[in-house]
Every structure is written in C-alpha cells, then in structure tokens.
Amino acid sequence: MSDRLTVIAIFGVTGDLARRKLIPSLFNNYMKRRLPRELKIVGVGRRDWTDDTLIEHARQSLQEFAAAQFNESDWRHFRSCLSYSKVNLPHTETYQNLKDHLAALENGTSNRLYYLSVAPEFYEDVVMNLGRLDMARENSGDTDSRHDPPWRRIVIEKPFGYDLATAQSLNKAVHAVFAESQVYRIDHYLGKETAQNILFMRFANTIFEPIWNRSHISNVQVTVAETVDVGTRAGYYDKSGVMRDMVQNHLLQLLSLIAMEPPSAFDGHALRNEKVKVLQAARAVRLGDTVRAQYEGYRGANGVPPDSDTPTYAALRLFIDNWRWKDIPFYLRSGKALQSKTTQVNIQFKRPPNSIFELAESGDASRNMLSICIQPDEGMHMTIQAKVPDEQIAKSVDMELHYDDAFMADELPDAYERLILDAINGDAALFIRSDEIESAWRIVDPVIEGWKNDPAAPPMQTYRKGSWGPDAADELLDREEHIWRISCFDEGK
Ligand code: BG6
C-alpha cells in the first residue's frame, strides 16, 4: 500500500447515502485495516457545517449503521481523519475553498478520490468545476520517478443519465475533465457478494460452463422484488419509474454477468469487454413482450400526481442474439410493494429428452433449476429430481448452499465496502464503463418511449400491494408454458 496520503472528498456528505452507506463502509474498511495508512476524508456540502458537526454526524451514522462492532479506539483515530468543506455545487468560486482546504491538508502531493453522492442534476456542475480549477489532473505535483504518480479518481453514483441522450452528454462532460480510466460509475449491485459470486460460480468451476447455453437452458429469470413502496421518495421516483430506477442498471447488470462469455482475466478491461458485448447483442424488446404496472394506491401517495403513469413494476422478455443464447428467453421483473424482498436469478434447464419416470410435479416445476440467491439468505439452490422412497415416482428436491452456513457469515459486508475499496485500489472491474451505460440505455429507452407514445403499447396494469404483481406478468411467460419460479427464501428467519 502506498505511503502517500489519500484524500476522499465526499460531495453530498450531508445526504442519506453518505449517512447510511458511505460513512459506515469507510469506517468498516478502516477497522479492517484496509484503507491507506495516510487517510483524510473531507465531507463536502452546501450547509454551514463545521468539522465538529461532521464528526458528530459521522458518529451517529456509525452507531446506527456500521455493521462491525463500533469501537471507541478506532473511532478516535477515524474521527481525526474527518474535516468539512463548504461548497455550493453550481458556483465555481466556492470550489476555491475546497481547493485551499485540500492543499492545506495535503501539504505536498496526495491521491484523491472524489465521490459524487449528490443529486444527479449537479453531476455536470461538479465535474466541470473540478476541471476549471484544475483539480482532476493526475500529473500535478510529485515528479519523483521512484513513486507512482498521484492519482485523481471520481466515483459517480446512479442514475447516470435519464436516457441515452443525457447519458451520452454526461459522458461527454465527464470525459472533458477525466479520462475514462479515472471514472468509476457505481452500480451497487455489482458490489454485492452474491452478484460477484455469479462470476466465481461460473468461472471457478468446470461443471457449469459446458451446459451454460441454449442447448441445455430453457429460460433465465431475474427477479428483483421489493416490499417497500415509494415511501418518501416520490419526488425522485415518479420521474424515474422502475425501468430507470432498477432495470436499466441492476437487472441488466445481473443479466450481463449471467450471459457474458468467459473473460480472459478478472480485471476491468477483460470483464467489461465481455459484459458490454451481451448488452450490445440484446434484440430490441417488443412492446408486446413487456408488462407495466402500478401498485394500488400509488397515485394517492404523497407527492405522486393523481394521473401519474409511472410504472412501479415491470416485466419483460428479452433475447440475446448470439450463438450461446439465440432464442432463449430472459425474463426480467422488478417491482415495489411486492410480497417479499428477494433478488434471485433462476436458470431453468431443459427437460430430459425422454421421460421414463412418473413425475410428482407437472410442467416447469419438474425442471432442473439453478437459483442464485443474491439477497436475502444469500446462496445457491439446485433443484434436482430424486426418487421418492418407497414409491416409483420422481420429485423435486433442493441441494442448498447458504452463505451463513458455508462461511459462518452472519452478515455479509455491504456492497459499498467492496466498491469504495476497489476505487481506492484502482480496480474498475465492478464499475460500469461508459459504453456499458449507453448500451443499457439503448435497451430500455425504446420501451419507456413506446409505453408513453405507442398506441399499441400494453396498458398500465395495477396490482395489489403485497402480491407478486399483475396477472399479465404470468401471462407473458405462459405463452411458452413457462412460469415464474421463486426458490430462495429465508422463511422463518
Ligand atoms: C436503488 C433504487 O438503486 O436500489 C431503489 O434507487 C431500490 O429504489 C434500491 O430500493 C434497492 O437496493 P437493494 O440493495 O436494497 O436491493
């Protein structure tokens, strides 16, 4: 680890993400001795805070959200890393405060990570102003050839763009100041242990890859179901809806991990080259292969217009036009206010070509299925057919891996712990490259546009809160005699 000072400047430190995720993740990494020895964390915000206000805010956030045991002696050291700088994001002249603040802390050269945890309308302002004040240049300062040059990196939260055009324009603005190698676009699903495990499962074993294709797999299902409703986030959510909020990023990222070709290495270049190829091979989604719905009562929620046509649920059938996946349906669904919180990928295999046994279940329920349980009750399940004792009949049984049993892991590290660490270590494998972001928008934009303007678009459905969504989503699969499968649950926990 370098001895050079590393400074992390969190724009939007007074916000919810910083309180719930960023400060606790930094602290947990600090306690695990994973952060650089020389570290400063600068909270950047609009409010008239002092260093002490930030320290008190951080202490409260850690007591509420830090997973690891809060520990006074680590906290004493950690708090000495914290300071606050006031910046009014659109106003260039206020960035001089930050520049002076950093210069005073650094007293020479340092590595710097700028973390943008602000409302997306400010992304361009911050980037442009960092550029104007020459705060993104990496080769300033240390010219001693014995050292690695100091780096400047920027982490940008989702949503990255509102559609393809705005994502392209944001990429352009970012690239005017930062090279792509300095940019870390976050999708926190990639930091989840079990999402990363998709890669380990596929490429650290030999048994899955030979059957991971259209010859053996019948269909793939990705479900990201939430029990929470729109809550207090209507202002943001009603402008986004489920396609922008979940599908464009989290679901398509899971899909690309499942469908990608084996990369030659586990690094940002090789991995992302393969992921982007999957997104680029996606066939344009037919509107007839989509379902959109709102939970009952959404239009009456605080801050939601009474005539809102924002979907809180979507289901789609998508195809990847390449040798491995041609004509195999990938079903994606996500929604708020559903029955259970669960994120899972279910891979359904084909039936035996010749059935010689009586089966206890009919149709899809009797297929082999591999379920990757992203959350909660992280793990994997493999459904196989087995002989029922004392009967001549085959029945589905479950071979299960639960992370908490296998790794004695009561609680897995938060996704942000991994991602912050990777950004500091310059490992971009779990971050989204500019071409991936744009390819994902190319998939969802026509659906959103079609829902708005195409008279042939399927009508908005409604669904009961606490249900599994509208019937139309079942009918979407029914056409090919498929059914949504759900297997991973931490029932009773
Ligand atoms: C965020 C969305 O990206 O992901 C939220 O904006 C959603 O609407 C959240 O609730 C879900 O994340 P997780 O980690 O709780 O599954």
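Look up: the structure comes first, before these words.
Counting starts from 1 at the beginning of each chain's written sequence and moves along it residue by residue. Only residues with pLDDT of at least 70 get local features here, since the model is predicted, and only at 80 or more are side-chain atom pairs given and counted; chain-wide, interface and lining totals rely on the full set of residues. Remark: hydrogens and water are excluded; side-chain values derive from all non-hydrogen atoms of the structure.

## Side note on the sheet that holds strand β9 (residues 313-318)
- Two strands are said to pair when DSSP picks up at least two bridges between them. Note on conventions: DSSP H or I runs of at least 4 residues are helices, E runs of at least 2 residues are strands, and numbering of each starts at the N terminus. Taken in spatial order, the 10 strands line up as β12-β15-β14-β13-β11-β7-β10-β9-β8-β16 in an open sheet, and their pairing is mixed. One side of each edge strand has no neighbouring strand; the edge strands of this open sheet are β12 (358-359) and β16 (461-463).
- Pairing analysis gives 9 bridges linking strand β14 (residues 379-387) to strand β15 (residues 393-402), with the strands arranged antiparallel. Within the sheet, the bridge partner assigned to Ala 386 lies in β15 and is Lys 395.
- Note on contacts: a residue pair qualifies if any of its non-hydrogen atoms lie within 4.5 Å across the two residues. Fitting a line to C-alpha atoms yields each axis, with helices limited to the stretch in contact; the angle taken between N-to-C directions then spans 0 to 180 degrees. With respect to the sheet, helix α8 (residues 234-259) is in contact with β7 (217-225), β9, β10 (330-335), β11 (342-349) and β13 (369-375), its orientation differing from that of β10 by roughly 145 degrees.

## Here we look at the pairing of β14
- In the sheet, β13 pairs with β14 via 5 bridges, with the strands oriented antiparallel. Residue pairing across strands places Ile 372 opposite Met 380, the latter belonging to β14.
- The hairpin turn running from β13 into β14, its antiparallel successor, is 3 residues long, and Asp 377 in that turn takes a positive phi close to 45 degrees.
- Connecting the antiparallel pair β14 and β15 is a turn made up of 5 residues, with Asp 390 showing a positive phi of about 70 degrees.

## Considerations on the packing of α8 against helix α9 (residues 268-280)
- Running from N to C, α8 and α9 cross one another at 110 degrees; their axes reach a closest spacing of 9 Å. Considering the angle they form, α8 stands roughly perpendicular to α9. Contact with α8, carried on its side by Leu 252, Gln 253, Ser 256, Leu 257 and Ala 259, involves Lys 275, Val 278 and Leu 279 of α9 and no other residues of that element.
- Gly is put with the polar residues, along with every residue not named as nonpolar or charged; the nonpolar set is Ala, Val, Leu, Ile, Met, Phe, Trp, Tyr, Cys and Pro, and the charged set is Asp, Glu, Lys and Arg. Taken together, the residues that form the contact of α8 with α9 break down as 5 nonpolar, 2 polar and 1 charged. Any angle from 65 to 115 degrees is called roughly perpendicular, while one under 35 is roughly parallel, one over 145 is roughly antiparallel, and all others are oblique.

## Side note on the site of the ligand
- Near the ligand you find Lys 158, His 188, Tyr 189, Lys 192, Glu 226, Arg 233, Asp 245, Met 246, His 250, Lys 336, Lys 341 and Gln 375, and these make up its full shell.
- Any N or O atom pair separated by 3.5 Å or less is treated as a polar contact, with the protein-specific requirement of one donor-capable and one acceptor-capable atom, and with residues adjacent in sequence counted only for side-chain atom pairs. The separation between an oxygen atom of the ligand and a polar side-chain atom of Arg 233 is 2.7 Å.
- Protein chains bury 79% of the 400 Å² of accessible surface belonging to the ligand in isolation.
- By residue number, the principal contributor to the shell around the ligand is α8, which donates 3 residues. One heavy atom within 4 Å of a molecule or strand makes the whole residue count as near it. In short, Shrake-Rupley with a 1.4 Å probe defines the accessible areas, and a residue's cover is counted only from the protein chains shown.

## Regarding helix α5 (residues 123-132)
- Those residues of α5 that sit buried are Tyr 123, Val 126, Val 127, Asn 129 and Leu 130. Down the axis of α5, the buried side of the element spans an arc of 165 degrees, and every buried residue falls inside it.
- On its buried face, α5 sits against β1 (6-11), α4 (95-106), β4 (111-116), β5 (152-156) and α6 (164-175).
- With its phi angle positive at about 55 degrees, Asp 134 sits one or two positions after the end of α5. Only protein chains enter the area calculation, which uses a 1.4 Å probe; residues under 20% of their type maximum are buried, those over 50% are exposed, and those in between are partly exposed. The reported arc concerns the directions from the helix axis to the C-beta atoms and nothing else.

## Quick notes on empty space enclosed by the protein
- Cavity and pocket criteria rest on a 1 Å grid covering protein atoms alone: a 1.4 Å probe that fits but cannot get out defines a cavity, protein on both sides within 12 Å along at least 5 of 7 lines defines an open pocket, and an atom within 4 Å of a point defines a lining residue. Grid points are joined across faces, edges and corners, and a volume is the space filled by probe spheres set on the points. Overall, the coordinates contain 2 cavities of 30 Å³ or more when judged by the stated rule.
- Empty space within the largest cavity amounts to approximately 100 Å³.
- Secondary-structure elements contributing two or more residues to the lining of the largest cavity are α8 and α12 (434-453).
- The residue inventory of the lining of the largest cavity, partitioned by class, reads 5 nonpolar, 3 polar and 4 charged.
- There is about 60 Å³ of room inside the second largest cavity.
- Ile 10, Val 13, Ile 23, Leu 26, Ile 41, Val 42, Gly 43, Leu 54, Ala 58 and Leu 82 are the residues that line the second largest cavity.

## Looking at a negative patch on the surface
- Residues qualify for a patch when their relative accessible area is over 30% and they have no salt bridge, like charges being joined within 9 Å and the nonpolar side chains of Val, Leu, Ile, Met, Phe, Trp and Tyr within 5 Å. A carboxyl oxygen of Asp or Glu within 4 Å of a side-chain nitrogen of Lys or Arg is what we treat as a salt bridge. Charged-residue counts in this description rest on Lys and Arg as positive and Asp and Glu as negative, His and the chain ends being excluded. Lysine's charge is taken at NZ, arginine's at CZ, aspartate's at CG and glutamate's at CD. A cluster of like negative charges, contributed by Asp 471, Asp 474, Glu 475, Asp 478 and Glu 481, occupies part of the molecular surface.
- Within the secondary structure, Asp 478 sits in helix α13 (residues 471-478).

## So, the sheet that holds strand β3 (residues 82-86)
- As summarised here, the arrangement of the 6 strands in space is β3-β2-β1-β4-β5-β6, forming an open sheet in which the pairing is parallel. Bordering the open sheet on either side are β3 and β6 (183-185), each of which pairs with just one other strand. Between one strand axis and the next, the sheet turns through 20 degrees on average, direction left out of account.
- Pairing analysis gives 5 bridges linking β4 to β5, with the strands arranged parallel. Note that in β5 the partner of Leu 116 across the bridge is Ile 156.

## Quick word on the layout of surface pockets
- Size it by volume and the second largest pocket reaches roughly 350 Å³.
- The wall of the second largest pocket is formed by 17 residues, among which Tyr 162, Arg 244, Asp 309, Ile 448 and Lys 452 lie closest to the centre.
- At the level of elements, α8 and α12 are the ones that each hand at least two residues to the lining of the second largest pocket.
- Ranked by residue count, the leading element in the lining of the second largest pocket is α8, at 6 residues.
- A per-class count over the lining of the second largest pocket returns 5 nonpolar, 3 polar and 9 charged.

## Some points on the environment of Leu 252
- Structurally, Leu 252 can be placed in helix α8.
- Spatially, the C-alpha atoms of Leu 252 and Leu 279 are 7.8 Å apart, while their sequence positions differ by 27 residues.

## Quick notes on a nonpolar patch on the surface
- A surface patch of nonpolar side chains, amounting to about 330 Å² of accessible area, comprises Ile 356, Phe 357 and Leu 359.
- If you trace the backbone, Ile 356 turns up in the loop between β11 and β12.
- Using a relative accessible area of 65% as the deciding quantity, one classes Ile 356 as exposed.

## Overview of the nonpolar core
- Take the buried Ala, Val, Leu, Ile, Met, Phe, Trp, Tyr and Cys residues and link them wherever side-chain atoms come within 4.5 Å; each set so joined is a nonpolar core. One finds Phe 11 and Leu 318 to be the most contacted residues of the largest nonpolar core, which totals 149 residues.
- Sorting elements by how many residues they give to this core places α8 first, with 13 residues.

## Let's talk about unusual backbone geometry
- Following Lys 158, the chain continues to Pro 159 via a peptide bond in cis, the omega torsion being 0 degrees.
- Relative to the helices and strands, Pro 159 resides in the loop between β5 and α6.
- A cis amide bond, omega -20 degrees, links Gln 375 with the succeeding residue Pro 376.
- In this fold, Pro 376 is placed in the loop between β13 and β14.
- Unlike most non-glycine residues, Asp 327 shows phi in positive territory, near 70 degrees.
- Mapped onto the elements, Asp 327 comes out in the loop between β9 and β10.

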